Amino acid sequence: MIHSLFLINSSGDIFLEKHWKSVVSRSVCDYFFEAQERATEPENVPPVIPTPHHYLISVLRHRIYFVAVIQSEVPPLFVIEFLHRVVDTFQDYFGVCTEAAIKDNVVVVYELLEEMLDNGFPLATESNILKELIKPPTILRTMVNTITGSTNVGEQLPTGQLSVVPWRRTGVKYTNNEAYFDVVEEIDAIIDKSGSTITAEIQGVIDACVKLTGMPDLTLSFMNPRLLDDVSFHPCVRFKRWEAERILSFIPPDGNFRLLSYHVSSQNLVAIPVYVKHNISFREGSSQGRFDLTLGPKQTMGKSVEAVLVSSQLPRGVLTANLNPSQGTYTFDPVTKMLTWDVGKINPQKLPSLKGTMSLQAGASKPDENPTINIQLKIQQMAISGLKVNRLDMYGEKYKPFKGIKYMTKAGKFQVRT
Amino acid sequence: MPYLGSEDTERELRRALCNPHIQSDPLRYRNTVLKVLRAMSQGVDVSGLFSEMVKACATVDIVQKKLVYVFLCSYAALNPELSLLVINTLRKDCQDPNPMVRSLALRNMTNLRLSSLVEYVEQPLTAGLRDRAACVRRVAVLGWAKIHNLQPNSETDAAVVNELYTLLRDPDPVVMVNCLRALEEILKEEGGVAINKPITHHLLNRLKECDVWGQCEVLRVLQRYRPQTEDELFDILSLLDASLVSPHPPVMAATLSLFLGLCSALPAVGLAALERVRAPLLTACGSPSREMRLTALCHIQLLLRSLPGLMGAHYKRFFCGYAEPAYIKQRKMQVLVELVNDDNVAMILDELRGYCTDVNTDTAQAAISAIGGIGRSYSDRCLEILTGLLGLKQEHITSAVVQTMRDLVWVCPQCSDTVCEALEGCEDTLQDSQGRQALLWLLAVYGERVSSAPYTLEVFIDGVRSETSVGVKMELLTTTMRLFLCRPAETQDMLGRLLHYCIEEETDMCVRDQGHLYYRLLHRGIEETQKVLQGRRSDPSLGVLIGRPAEPVSQWACSFNTLDPLKQGPVETEPPSRGSPEHVTFDPKPNTDLSETLDCSQIVKLHSASDRASGCSDSSAEGLASSVAPPLSLSLTPVLSPEEFERLWLQRQDLHTEQDAEKREEEEDCACLVEHIRGPAIAHCSPQSLQAAMQLVNIQTLAFTPPHTLPWRVYLFTHTQHTHSGNAPHSTLIVGELLYTGEANRRVRLVKTGSDDGVLVEGSEEEHVREGGDPTPAGLRESARENGEEEEVKVTLKQQPRDDSALKGFLSILTTVLHTLSSERA
């Protein structure tokens, strides 16, 4: 199915290759490089490139192209999903998935790829099982290994593969039993010129970190489960129970895992946490433009909006921007024309603003489009959809676990048109 | 990129590997092996270290073993003899008490991929199939597939194949899926693993145990299974229902693909399945991964071909984000064009207008041509936007706008006034050859209405020497010729200059020949020239069909969940760089492959003539048919593609216009019939139920206008099979059109003179003539006339070869179906 995998960085170097069937020559990547050259931006490289004898299916993440070489017809979604799984695994193992991290851990990478695919077919992709086969490198372990000469490989057979519950190994022991759940929501929204919402949707996930002894059976219930319309669960969740009672009942995997991801698309449910007042204008015939931006909190249920970062791609004709922020700092890159304003926290009493002038190239005509403003932000202790966990119970074990839940809202693809 | 000092590196590494001090220290030994691998991954050729690495393989350290195996597997092909040394160690590892070591050894043994080693590998593999540990069995099963790949020609042991079939029932789901994969490869020549009823049901029951990848695999293999009874089919479908809305897009897509395959005989179920996957597909469109979004979009495009209304309410999901890559934006725009309806057209156009000024020129041009696409149904609003864009005086935008206008005017001639106004003054901004060609074409067709046309042409002709594009020169010639015909005084001089240049100085053969052609044509006199050059204007009759007709699911079901929908670049579907419409008339695309637009009076004459003829024979045939009435059966095969249908339909129409005697014979060979069937509210029933009803009696509907639009049309076809007593079975092809204008029939007849709709005029006129000419097939029509106020559906049928009794039989079947449908509605 998947013949080979090439890892290519944005400057076009193949820095890792792995072949599962016969060896495919590197020259097959020339077709990819051609496409890369043609694309103006790195993300514009088409994901599927047909070549005379192969297909190249690539995903771009963390500025690395993961290029899979396919020899026969395959379902494209399958390959794409698998490549993303590979990247997720790397990220899980090394914390970051950069070229440097992969090069530093090249051996673990080879081991992982070897376990994940056999003869081109996915073999073990579940992070828990992989972690038992190959221990992730940590600074401590690297040090211990250097001193004692022990290895990163699990010495015994991963028990998970034989236990009744495939995602949990038997005989887990912890001194502190704890279960943490993070509800993280991202708002993707497009706001138009006048401030009304064009589209808005919420992508949410519940990530769990469960460190419990034995075989605990957990149930998690929500105050408002009807909110979730598009839900995707970790395989451990008993789907029947969810359908009948809207309760999450599951035997959790050990360690970190994503319990569920969901999607709220009905627009009336999506609250927009900030508003933007903007006045960006260029006058015909003059080489000056006005820039005036004010941010304010909108529907935040009393929580403060933090870590706000505003960025905007100004028109090509803009030479410099002379602006004055009421708080935070701003930078303007004259080459890429990217304006970034690091606002920080929004104080509702004193709204942050960025005012000033832009100077245009002499003789350039008035730019025909206004820039779009991208906003990143964080709100702690609130899930913007209003999702709330009601209670968490544990059955099957005697001890009392420590339970914790955290809410967080972030801006995903949040943009305001001007 | 091989290092310059690769030999030095290799020598140094070899020294280290052979150093007994290093060999005695496991840690340093492993680190040296690690260095070798690092060098290998950087592209340094370290194949020379093979024998040293073979030695390093004999160790207890699993990590070192793994590393050495990685090395050996990459270089084994270069050193087949030395690889033999490794086999011993590997075989010993296959006996190891630790299952992980066993599976590792087995896997690498098969990964060496040396056909010389096959005999040593087979025995441990056979043992591996019966190993206690599932992970060893998983590897062993796939190992057989690898061995088969090594020796594709040799017969695989039947015992092994049998064993693999037994392992399909292994308790471990991964072993089961791997067995499927292995058998697929080994039995490729026999068409893959045999899928019979017990295996199918076994696989379906265990589907839930498999991981995502396994489920996809199983679903893919099951596509070959054909259930024997309908009950079984529905059992399977209900088992699959849960995975149809699976949160994993690959599983969802694989299930839908299987669903469509199974329901090929039940289009209604297939359509219901499409409705079910709407939510998961939309979620995939919002997935954080761009590649996933693109794939989902491409598949949505496929779905929309059959259910244009599927995503109508969700059009906002297809609005582009600022930072999205160009390929996604372009796909989204294509989807948006499909989703336009009265309610959202304003929003969508606003949105698209925003994309027209995108930094990426390709995206901007795609947005403009998307607006053009919407313009076919909402021309006024779109033209307003397009003319507005001309005001920006941006090179690439103007070019795209002019090209779009050209394409639009071809389908909607009513826009020509606005276009002509807009054309003034945009020649200065046009730089690229495509845009200029489009401008020239427009000037050629509407030259008499653009006052500045001769001046624009003059500029072009003055600059013809420095012109590089052949296409522009050819277009320029044609335009000047055409303009000369309508505005001779202003153009004569420049036409002379241009022809002189083309014939005397031009080096390109095509242009020169065309110049010669026109020159000789002018010699034949102005009338002759006019006949040749001014024949064709656009033909709007196909613009009646709003949007693309819904295709049956089977048209694209086989390419669902494959790479096919992704392959066609976004440019291909709406090529911005295509020549003038006239240059592509051979292209079987709907809006270009048209007969000449006909002068109305001419049709009438011809039709009355031809129809009287066919009408007469009709009457005699009818008498015959009623007395004999031989059994008639309809069938759908061979299937007629929409292109073929269109060709046939238009060809039939053409024939009427040809006066040549030899064509008459051909016409004898086909029959044409127009009838009215009373059926209130047929036009209001859903396309699905109509299609289902038609299919019950083996009539295939090819295209509909959406319900509640006027005029409402349905195109359909069938084959009649007809056994005359004593004769061989006789089959004919019938193509037909149902037309419902929404008014009582009388009104239609009033409209006819003013209407530019060719088909409509032809139909009612024809009918008119027949009424006067022959009264025979009067029964039905007479009653229709009496109930003139009631709603009627006009049926136009064309048959080939001619067989009147079959046609009559077909008509009565069709009438019954329509009556049943409308009575159900009531």
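Note on numbering: residues in each chain are counted from 1, in written sequence order. Written order determines the labels here, with chains lettered from A and ligands numbered from 1. Per-residue local features of the predicted model are confined to residues with pLDDT of at least 70, and side-chain atom pairs are confined, for both listing and counting, to 80 or more; whole-chain, interface and lining totals are unaffected and use all residues. Water and hydrogen atoms play no part in the side-chain values, which are based on all heavy atoms of the structure.

(A) A look at the overall build of chain A. Helix numbering and strand numbering both begin at the N terminus, where a helix is a DSSP run of H or I of at least 4 residues and a strand a DSSP run of E of at least 2. Regarding its fold elements, chain A presents seven helices and 23 strands. With a 1.4 Å probe rolled over the protein chains alone, any residue whose accessible area is under 20% of its type maximum counts as buried; one over 50% counts as exposed, and the rest are partly exposed. Residue burial in chain A is summarised as follows: out of 418 residues, 55% are buried. Areas reported as accessible are Shrake-Rupley estimates using a 1.4 Å probe. Residue values count occlusion only from the protein chains shown. Accessible surface, chain A as shown: approximately 18400 Å² in total, 51% of it carbon and sulfur.

(B) Structural context of the nonpolar core. Counting 251 residues, the largest nonpolar core has A:Phe66, A:Phe90, B:Val46, B:Phe71, B:Leu72, B:Leu256 and B:Phe318 as the members making the most contacts within it. Among the elements that line this core, the one with the most residues is helix α2 (residues 76-94) of chain A, at 11 residues. Working rule for contacts: check all heavy atoms of both residues, and any pair within 4.5 Å makes them a contact. Apart from residues lying up to four places away in sequence, A:Phe66 is in contact with A:Leu5, A:Phe6, A:Leu7, A:Ile57, A:Ser58, A:Val59, A:Arg61, A:Leu83, A:Val87, A:Phe90 and A:Cys97. Formed by 70 residues, the second largest nonpolar core is a distinct cluster that contains A:Leu323, A:Trp341, A:Leu377 and A:Leu392. Side-chain atoms within 4.5 Å are what join buried Ala, Val, Leu, Ile, Met, Phe, Trp, Tyr and Cys residues into a set we call a nonpolar core.

(C) Spotlight on the packing of helix α11 (residues 173-186) of chain B against helix α13 (residues 212-222) of chain B. All names here are of chain B. Packing of α11 against α13 leaves a shortest axis separation of 10 Å and a crossing angle of 45°. Here α11 lies oblique to α13, going by the angle between them. As for the relative orientation of α11 and α13, their crossing is left-handed in sense. Side by side, α11 and α13 meet where Met 176, Val 177, Leu 180, Arg 181 and Glu 184 of the first sit next to Trp 213, Gly 214, Glu 217, Val 218 and Val 221 of the second. Simply put, an axis is a line fit to the C-alpha atoms, just over the touching stretch for a helix, and the angle between two N-to-C directions goes from 0 to 180 degrees. Small angles under 35 degrees read as roughly parallel and large ones over 145 as roughly antiparallel, with 65 to 115 read as roughly perpendicular and the rest as oblique. For a crossing to be left-handed, the near helix must be turned anticlockwise from the far one by less than a right angle; the clockwise case is right-handed.

(D) Structural context of the interface of chain B and chain A. Of the residues lining the interface, 75 residues belong to chain B; the matching set on chain A comes to 81 residues. Ranking the residues of chain B by area buried against chain A places B:Trp213, B:Tyr322 and B:Leu563 at the top, with a combined share of 13%. Should a side-chain nitrogen of Lys or Arg be within 4 Å of a carboxyl oxygen of Asp or Glu, the pair is scored as a salt bridge. Summed over the shared surface of chain B and chain A, the number is eight salt bridges. The closest approach of N and O atoms between A:Glu115 and B:Lys66, which form a salt bridge, is 3.9 Å. Here a polar contact is recorded for every N or O atom pair within 3.5 Å, except that within protein the pair must consist of a potential hydrogen donor and a potential acceptor, and residues adjacent in sequence are included only if both atoms are side-chain atoms. Taken together, the connections running from chain B to chain A amount to 19 residue pairs in polar contact (both at pLDDT 80 or more). Polar here means any residue other than Ala, Val, Leu, Ile, Met, Phe, Trp, Tyr, Cys and Pro, which are nonpolar, and Asp, Glu, Lys and Arg, which are charged; Gly is therefore polar. Tallied by class, the residues present in the side of chain B that touches chain A amount to 35 nonpolar, 20 polar and 20 charged. Buried area is calculated as the accessible area (1.4 Å probe) missing from two parts once they are joined, with the contributions of both summed.

Function-wise, these values are silent; they only describe arrangement.
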